[in-house]
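Notes for the structure review
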Amino acid sequence: MTQDTIFSPFFATVFLTFIVWVYMYIRRISFITSRKIALNELAVPGALAQISPPSVSNPSDNLKNLFEIPVLFYALVLYLFVTKQVDTVYVNAAWVFVVFRTLHSAVHCTFNLIILRFYLYLFATFAVWFIAIRAALIHFGTIN
């Protein structure tokens, strides 16, 4: 396995962030134009969030989520690449993260069933913590 294999799930996560960003703006612009809201009404920070229904605010909230745990994922991927530790276990865990984060985003941005979203987030985050803990244990020589 080549070290750069880890960048496929890395860029898949970047692309997911891009998709959610575009979807968020589609929902926001549609809402603003359908309600004929004047842009000066939105000048106060948080004004749009206060008047937005969940179909508009959820994609925005999801985009914010994509700058939380995924930032650790990006850092870990770069660490693994630089230290030449990329292996099948890490790549598979990275894809688990991507799949569950993608499903989490799909749920959050659409029907938003909270308990389902929670479990999808949990499994994705477990994948990142697995990568982090394994990398730390290898770094400190606890495991090979």
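Residues numbered from 1 in each chain as written. Predicted model: local features only at pLDDT ≥ 70, side-chain atom pairs only at ≥ 80, totals over all residues. Heavy atoms only, no water.

Per an unreviewed UniProt entry, the protein is named MAPEG family protein, and its organism is Phormidium nigroviride PCC 7112.

An ideal rise of 1.5 Å per residue puts 16 Å on twelve residues; helix H3 (residues 54-65) measures up with 15 Å between its terminal C-alpha atoms. Those residues of H3 that fall on the buried side of the exposure criterion are Val56, Asn58, Pro59, Ser60, Asn62, Leu63 and Asn65. Where H3 is buried, its residues touch helix H1 (7-34), helix H4 (69-82) and helix H5 (88-109). (Helix = DSSP H or I, 4+ residues; strand = E, 2+ residues; numbered from the N terminus. Expected span 1.5 Å × (residues − 1). Buried < 20%, exposed > 50% of the residue type's maximum accessible area, 1.4 Å probe, protein only. Contact = heavy atoms within 4.5 Å.)

Before going further, it helps to examine helix H6 (residues 114-139). Across its 26 residues, H6 extends 37 Å between first and last C-alpha, which sits within 8% of the 38 Å expected from 1.5 Å per residue. Along H6, the positions that sit buried rather than exposed are Arg117, Leu120, Ala124, Thr125, Ala127, Val128, Ile131, Ala132, Arg134 and Ala135. Where H6 is buried, its residues touch H4 and H5. Looking at the residues trailing H6, positive phi occurs at Gly141, about 75°.

Within the secondary structure layout, Ser105 lies in helix H5. Residue classification places Ser105 among the buried positions, given a relative accessible area of 3%. Only 2.9 Å separates the side chain of Ser105 from the side chain of Asn62, close enough to count as a polar contact. Excluding its chain neighbours within four sequence positions, the residues that come into contact with Ser105 are Leu16, Val20, Asn62 and Leu66. (Polar contact = N/O pair within 3.5 Å; in protein donor to acceptor, adjacent residues only side chain to side chain.)

Here the structure, examined in full by the defined rule, presents two salt bridges. Of the charged contacts, one joins Lys64 and Asp61 as a salt bridge, the two residues approaching to 4.0 Å between their closest N and O atoms. Placement of the pair is Lys64 and Asp61 together in helix H3, with a separation of three residues, close to one helical turn. With its nearest N and O atoms 2.8 Å apart, the salt bridge here joins Asp87 to Arg134. With a gap of 47 residues between them, Asp87 in the loop between H4 and H5 and Arg134 in helix H6 connect regions that are remote in the sequence. (Salt bridge = Lys/Arg side-chain N within 4 Å of Asp/Glu carboxyl O.)

With that settled, consider the packing of aromatic side chains. Per the counting criterion, the structure on display carries twelve aromatic pairs. Sitting above the plane of the Tyr25 ring, Arg28 keeps its charged end 5.8 Å from the centroid. Over the face of the ring belonging to Tyr90 we find Arg134, whose NZ or CZ atom lies 4.3 Å from the ring centre. (Phe/Tyr/Trp six-rings, centres within 6.5 Å; stacked < 30°, edge-to-face > 60°. Lys NZ or Arg CZ within 6 Å of the ring centre and 35° of its normal.)

The UniProt feature table records "transmembrane region" (unreviewed entry) at residues 6-26, 65-82, 88-107 and 119-140. For the annotated span residues 65-82, helix accounts for 83% and strand for 0% of the residues, and the straight-line distance between the end C-alpha atoms is 26 Å. Its end C-alpha atoms 29 Å apart, residues 88-107 is made of 100% helix and 0% strand. (UniProt positions renumbered as here; feature names shortened; annotations may be inferred.)

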